[in-house]
Amino acid sequence: MAKPATGRNFLLAALPPKDLRRLTPLLEQHPLKFREVLHEPGKPISWVYFPVTAIVSLVTSMEDGSTVEAATVGNEGMVGLPMFLETGTIPIEGFVQIPGQALRMKAAAFRSEVREGSVLYASIQRYTQALLRLVAQSAACNRLHSLKQRCARWLLMAHDRVEGNHFFLTQESLSQMLGVRRATVTVAAGELRDLGLIQYRQGAIDIVNRAGLEKEACECYRVIRAEFDRVNGNGNGNGNGNGNGNGNGNGNGNGNGHGNGNLSGTGD
């Protein structure tokens, strides 16, 4: 599967132009820093975030202080679903795992815009379903598949969401996200490196051979990717959107006919 186009948030880019124009004044660019906390367990949410090139981890904490990743959010979705679900808080923490750009909106403004029956409401409803699929598939993956397969899946999902083939990620962070000891993830990452699929140094990962990495990953990557492609209308997995607003009509499966896709969070 080809790496999708990046530089936009697909949840926003899939909106009709008139809806996007109405939301644009409410959105502001916000660079997300490594380990920046976006919401804390049980505390009110002030902002909702639409990642563009950043990746956010949603983690649950144990009594002994250990944490386990429940899901990740990138340019396919949003952080702050409790505002959509009208609960206002969430018992898990959301923090930036891979730094990058995002767009954010004040929670109060978001609530006024996400009215039942609106296009935005329907889009986030579909995204919520896809996120639940990710959580369920990840739970099965953690139980049934090898660490090397899970590591390959996580790296592919990160690669889909960031610009280029190089991104910031420490082995310590990866071990926390996979729920294993650092020494254990070092072995798995070393196997992928020895196969010529990745390189890692000084807290960064380079994807060298994506096709080979996909062969090492379990089926869960393809299942999760297909679900988000379906939700965001990228039927061919390329996330193109091409910005011409004509819906392409060439069988690439984007299906939305809007193609605006230019909310890059970089001022263009």
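For the structure given in this document, a descriptive report is provided here. As the structure is a computational prediction, the values presented were derived from the model and not from experiment. (Residues numbered from 1 in each chain as written. Predicted model: local features only at pLDDT ≥ 70, side-chain atom pairs only at ≥ 80, totals over all residues. Heavy atoms only, no water.)

## Topic: the sheet that holds strand 8 (residues 166-168)
Going by this rule: Following DSSP output, two strands are said to pair if at least two bridges run between them. In DSSP terms, a helix is any run of H or I states spanning at least four residues, a strand is any run of E spanning at least two, and both are numbered starting from the N terminus. For helices, the fitted line uses only the C-alpha atoms of the stretch in contact; every axis is such a line through C-alpha atoms, and the angle between N-to-C directions lies from 0 to 180 degrees.
Strand order in the open sheet formed by three strands is 8-10-9, with antiparallel pairing between adjacent strands. The open sheet has two edge strands with one neighbour each: strand 8 and strand 9 (198-201). With direction set aside, neighbouring strand axes in the sheet form an average angle of 20°. With four bridges connecting them, strand 9 and strand 10 (residues 204-207) associate as antiparallel partners. Within the sheet, the bridge partner assigned to Arg201 lies in strand 10 and is Ala204.

## Focus: unusual backbone geometry
Despite not being glycine, Arg35 shows a phi value in the positive range, around 70°. Relative to the elements of secondary structure, Arg35 occurs in the loop between strand 1 (28-32) and strand 2 (37-39). Although it is not a glycine, Glu86 sits at a positive phi angle of roughly 65°. Here Glu86 shows up in the loop between helix 3 (81-85) and strand 6 (93-98).

## Thoughts on the nonpolar core
Selection rule: Within this scheme, the nonpolar core is defined by two criteria: the residues are buried Ala, Val, Leu, Ile, Met, Phe, Trp, Tyr or Cys, and they are joined through side-chain atoms within 4.5 Å. Burial classes follow relative accessibility: with a 1.4 Å probe on protein chains only, a residue under 20% of its type's maximum area counts as buried, one over 50% as exposed, and anything between as partly exposed. We call two residues in contact whenever any of their non-hydrogen atoms come within 4.5 Å of each other.
Grouped together as the largest cluster of nonpolar side chains are 72 residues, with contacts concentrated most on Phe110 and Leu155. Ranked by the residues each element gives to this core, the list is headed by helix 6 (residues 147-161), at eight residues. Excluding anything up to four places from it in sequence, Leu155 contacts Phe167, Leu169, Leu192, Ile198, Ile205, Ile207 and Leu213.

## Regarding the packing of aromatic side chains
To be explicit about the condition: Pairing of aromatic side chains requires ring centres within 6.5 Å, counting the rings of Phe and Tyr and the six-membered ring of Trp. Pairs whose planes differ by under 30 degrees are stacked, by over 60 edge-to-face, and all others tilted.
As enumerated under the stated definition, the model contains three aromatic pairs in all. Ring geometry for Phe34 against Phe168: centres 4.8 Å apart, planes inclined by 75°, an arrangement best described as edge-to-face. Of this pair, Phe34 sits in the loop between strand 1 and strand 2 while Phe168 sits in strand 8; the two residues are 134 residues apart in sequence, bridging distant segments of the chain. Accessibility expressed as a relative area gives 33% for Phe34, which makes it partly exposed. For Phe168, a relative accessible area of 32% corresponds to the partly exposed category.

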